[in-house]
Every structure is written in C-alpha cells, then in structure tokens.
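Here's the letter readout for the chains.
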Amino acid sequence: MESLPLTVLDTCKKALGTAASVAGYVMLARGMARGMARDILPPELRAALGRAAAFVRAPLGASDKERHALVIRRDFDSGYSENELFDAARKYLTTKISPRTTPCLGLGLFPVEPDRSSSSWSTLLCLEYDGSTSDHFDGVDVVWKYVRAGRGEDGTTGEYFKLSFDAKDADTVSERYVPFVMSTAEQLRMRARALKISKNDGASWQHGINYHHPATFATLAMDPSLKQAVMDDLDRFLKRKEYYLRIGKPWKRGYLLYGPPGTGKSSLVAAMANYLRFNLYDLDLSVVPDNSALQMLLINMRNKSILVIEDIDCCFDAKKSREEEGSRNMPEPAADPDNTPRRQRPQRKQNTVTLSGLLNFIDGLWSTSGEERIIIFTTNYKERLDQALLRPGRMDMHVEMGYCRWEAFRTLARNYHLVDDHPLFPEIQQLLKAVDVTPAEVSEMLLRKEDAGQALQVLKQFLEGKKTNAKKEAPEMKNEEADKAM
C-alpha cells in the first residue's frame with residue numbers, strides 16, 4: 001500500500017489534536033462549576049457547543065419552552081351542537097388562511113343569516129381536518145389546528161380547534177387574544193349580514209325588510225373633505241366604547257343633515273348604513289300617539305342600529321301650525337240622521353308626542369336604553385329648528401349637504417359614465433361656479449344619454465339655461481326689494 005503524502009498526514013494529526021482538545025474542554029466543563037467554565041472556555045467555543053447541543057436535542061423533541069393549549073370544542077355526540085366561540089374561531093380563521101400559503105383548504109357554503117334564502121349564502125375557506133395555521137398577536141405566536149374528535153355512539157362526529165402557545169403567554173392569550181378573536185368574528189358577521197330597514201306603525205315597529213340601497217361613500221357626490229370627516233367620525237365612534245363608559249355618556253352619536261332638497265341627505269344616510277353595516281329604523285313621529293309610545297319604540301330598537309327622523313323641522317311646530325290652520329278652515333260638521341253632531345262622537349286619539357319627549361331619549365334618562373346607536377335628523381331648513389335640538393351634545397355633528405360643485409360632479413361623471421376627463425369638463429367647471437344646482441339635478445341630466453359626450457352636452461346646456469334664468473331673475477328681485485322699501 002502506498003504511503004499517504006506527508007501533507008495529508010500532517011493535516012490529519014492537526015485535526016485529531018483539535019478534536020482531542022475540544023473533548024478535553026467538554027469533559028472539563030462538566031466537572032467544574034458554571035462560573036469556572038465561563039472563565040476557561042473561549043467564547044467562540046462555548047457558542048459552538050451551545051448550537052451543537054440544540055441541534056442534537058431538536059430531533060429528540062427536547063425544548064426549553066413549555067407549550068400550553070386551549071381547546072374550543074363542538075361535540076355533537078355530547079349534545080353540544082352550538083358553540084359561539086367555535087363558530088367565531090372558524091370565521092376568524094378565514095382571514096388567516098389562503099390557498100397560496102396552505103396546501104389543502106376546505107370550501108364551505110354558509111348562510112349570511114339563518115333565515116336567509118340561498119341567494120344570501122356565501123362561500124368561505126376553512127381548514128381541513130388536521131390542518132393548521134399560525135397567527136401573531138401583540139408579540140405572541142399561536143398555532144391553530146383543526147381536529148376531528150372520536151365518533152359518537154349515534155354515528156356523528158365531534159370537532160374542535162386546538163390553540164397552542166408558549167406557557168408564558170397564557171394570560172395574554174386567554175385575556176386578550178380570545179376576546180380579540182370574538183370581536184373580529186363579530187365584525188366579519190356584521191359586514192356579511194343582510195341589512196334591514198324598519199318603519200313604525202303607530203307604537204310598534206313593522207317587520208324589517210331587506211335594505212339594498214347601493215349608495216356608498218365612494219359613490220357619494222359631496223365635498224371630499226366633508227365626506228372624509230364623516231367617515232373618520234364614524235370610525236372614531238366605533239372604537240370608543242370604553243371611552244364613553246369612562247366619561248359616563250351613552251354610547252351613541254347624533255348627526256344633523258341639512259341642506260336644500262336633492263342634495264343627497266338620504267343617500268348619505270344609506271352610505272352610513274352600508275359603511276357601518278347597521279340596520280335602519282325610519283321613525284314617523286306623526287303616527288306615534290304619545291311620549292310613552294315613543295319611548296317603547298326607542299327601547300325596542302336593537303343595538304348597532306341607525307334611527308332616522310326625516311324633516312325634523314316639520315314634526316313639531318310646523319305640524320302643529322298646519323293642524324291649527326286646517327281646523328280654522330274646516331266647515332262645521334253636519335249632523336248625522338240621529339241629529340248627533342259628529343264632533344261629539346268619540347274621536348281618534350290625537351298625537352301628543354312632544355319635543356321634550358324626543359329630547360329625553362337623545363340625552364335624558366332614556367338615552368341609556370341602548371348602545372352603539374346612531375341618531376340622524378334631516379331637514380331642508382336648519383333655521384326653523386328649535387334651538388333645543390341644536391344645543392351641543394344633542395346633535396354631535398352638523399353636516400351641510402350643499403349644491404353640486406366640481407369635485408362632486410367628477411364623482412357623478414365617474415359613477416354614471418366612467419369618465420375622469422373630457423373636453424367639456426372645463427366649461428362645466430366654470431358653469432358650476434356660477435349656478436346653484438343639486439346633485440340630483442346633475443344626475444338626472446347625466447342619465448338622459450348613454451354616451452358620455454352626449455350626456456355631458458345635455459348637462460352643459462342645462463347649466464347654461466340656469467345661468468341665463470338667474471340673470472333674468474336678478475333685476476326682478478331688485479325691483480321687488482325696491483318696491484318693498486318704498
């Protein structure tokens with residue numbers, strides 16, 4: 001056998017010598033105190049030994065972290081077919097899984113609400129049995145696993161989610177993460193549910209019907225800065241439950257929408273409902289018999305809802321004036337065949353709802369009958385409102401719905417004809433500065449033609465006509481004012 005080259009033998013000898021030195025250091029470290037080992041072993045060697053030990057322990061299942069777990073169970077064989085936390089966890093996990101990152105997922109069909117038709121069902125991704133996914137919450141890493149339990153005596157199968165985490169994070173998971181999962185699932189449910197609108201019939205709410213108004217903040221023709229201010233105010237309201245509790249105020253928010261007819265007040269109400277996913281209650285005060293009935297109506301509203309009272313200026317003083325005027329002009333009723341005057345017969349109970357009764361719900365003793373509610377009053381004539389309604393703390397935000405200006409027009413042009421620019425835009429922009437036109441009027445003009453250019457031409461001609469009429473009316477108004485002065 002040929003002898004190895006001298007260089008190879010030298011290299012082997014050096015390697016064996018190094019290995020022997022390392023082994024000696026290891027044996028020495030085992031027999032000496034930890035402090036002495038730190039003094040003797042070089043830092044580089046101690047770090048290398050630590051990594052090597054961790055590498056050896058890993059396949060054997062050793063770990064320096066204790067793992068705990070929470071089980072969220074739904075046991076059909078035990079009779080517990082309902083578990084709100086289980087359903088919340090399943091809904092929450094749909095936001096944490098994706099076909100791009102999870103090899104195998106289930107696809108389920110779930111109803112938006114239990115009593116909905118099949119057209120209101122939605123498809124959701126879900127973990128398959130034995131599937132898992134991870135999540136990160138406030139510095140804590142958790143792992144979710146979906147497990148099929150043993151088969152019960154009746155042949156049905158239970159199931160559960162296993163939520164595992166480091167033992168040191170147990171308090172964070174149970175006290176903060178689980179409530180966060182529930183809250184997120186509730187928000188998802190609210191976003192997916194079909195909205196309802198209810199109207200009162202006297203002192204009771206009629207069964208709500210589905211509400212499908214398409215208005216959103218993206219399609220709303222109003223000043224962009226004002227629109228954003230409303231959205232920010234709604235977002236802030238939703239997040240401040242603890243704040244309202246701390247300052248001792250009911251968790252509600254009031255909005256007064258005012259402006260000429262056709263400026264989009266009803267559309268803004270619909271956009272707010274769609275944004276919050278809150279049900280609507282349309283209150284007609286003219287058919288409410290008295291304050292007690294009004295209180296019962298307001299108590300029977302659900303939380304997370306919007307109460308709307310339109311044309312609030314007509315509900316009290318103006319309505320009373322109309323009734324008084326009508327009674328003065330009404331002829332004396334004729335007698336019946338039995339000679340009994342009709343006014344002496346039992347009359348239907350008059351409406352006795354008062355402004356103070358309504359205000360008592362807004363910020364009085366009855367204001368705490370519900371929470372997370374929005375109250376909206378609309379009016380065409382803000383100046384006619386009783387000052388008691390305008391007092392700070394009653395209507396928290398006053399929103400003026402004005403005439404259609406340039407930015408609002410651009411939103412309508414984009415909505416109706418998908419155009420962001422056109423040769424007629426500069427002329428229309430100048431005309432909108434010169435005339436007062438409502439978004440409803442602009443929308444009507446844009447609807448008259450399917451072609452964008454033709455529709456904009458129709459609008460241009462309409463605005464020019466309004467400008468001409470305004471110039472003609474100006475001298476006449478001056479003459480009328482002069483005649484009055486004389």
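Residues numbered from 1 in each chain as written. Predicted model: local features only at pLDDT ≥ 70, side-chain atom pairs only at ≥ 80, totals over all residues. Heavy atoms only, no water.

The protein chain goes by AAA+ ATPase domain-containing protein in an unreviewed UniProt entry, where it is assigned to Triticum aestivum. Reading the Catalytic activity (unreviewed entry) entry of the UniProt record for the protein chain gives the comment "ATP + H2O = ADP + phosphate + H(+)". (UniProt positions renumbered as here; feature names shortened; annotations may be inferred.)

Once that is clear, we can look at the overall build of the protein chain. Of regular secondary structure, the protein chain possesses 16 helices and 14 strands. Out of the 486 residues in the protein chain, the part that is buried amounts to 36%. Contacts spanning at least 24 positions in sequence make up 68% of the contacts within the protein chain whose residues lie at least 6 apart. Within the structure as shown, the protein chain displays about 29,800 Å² of accessible surface, and the carbon and sulfur contribution to it stands at 53%. (Helix = DSSP H or I, 4+ residues; strand = E, 2+ residues; numbered from the N terminus. Buried < 20%, exposed > 50% of the residue type's maximum accessible area, 1.4 Å probe, protein only. Contact = heavy atoms within 4.5 Å. Areas by Shrake-Rupley, 256 points an atom, 1.4 Å probe, with all protein chains shown as cover.)

Another point: the packing of helix α13 (residues 406-417) against helix α15 (residues 439-447). Contact geometry of α13 with α15 gives a least axis separation of 10 Å together with a crossing angle of 35°. Viewed along their axes, α13 and α15 form a crossing whose handedness is right-handed. Along the contact surface, α13 presents F409, L412, A413, Y416 and H417, while α15 presents P439, V442, S443, L446 and L447. Split into classes, the residues belonging to the contact of α13 with α15 amount to eight nonpolar, two polar and no charged. (Axes fitted to C-alpha atoms, helices over the stretch in contact; angles between N-to-C directions. Left-handed = near helix turned anticlockwise from the far one by under 90°. Nonpolar A, V, L, I, M, F, W, Y, C, P; charged D, E, K, R; others polar.)

Quick look at the pattern of salt bridges now. Tallied over the full model, the rule gives 17 salt bridges. Salt-bridge contacts for R253 lead to D233; the nearest nitrogen and oxygen are separated by 2.8 Å. Taken as a pair, R253 in strand β10 (residues 252-258) and D233 in helix α6 (residues 224-238) lie far apart in primary sequence, 20 residues in all. The buried category is assigned to R253, whose relative accessible area is 18%. Note that D420 and R414 form a salt bridge whose closest N and O atoms lie 2.6 Å from each other. Among the ionic contacts, a cluster of salt bridges with common partners joins D233, R236, R253 and D396. (Salt bridge = Lys/Arg side-chain N within 4 Å of Asp/Glu carboxyl O.)

Right, let's talk about the nonpolar core for a bit. Counting residues in each nonpolar core, the largest one holds 31 residues, and the members touching the most others are F217, L268, I306 and I374. Where this core is concerned, the elements lending two or more residues are α6, β10, α8 (265-276), β12 (305-309), β13 (373-379) and β14 (397-400). Considering each element in turn, this core owes the most residues, seven residues, to α8. Not counting residues up to four positions away in its chain, the partners in contact with L268 are F217, L220, M222, L257, V399 and M401. Ranked by size, the runner-up nonpolar core spans 29 residues in total, among them W205, F316, V353 and L355. (Core = buried A, V, L, I, M, F, W, Y, C linked by side-chain atoms within 4.5 Å.)

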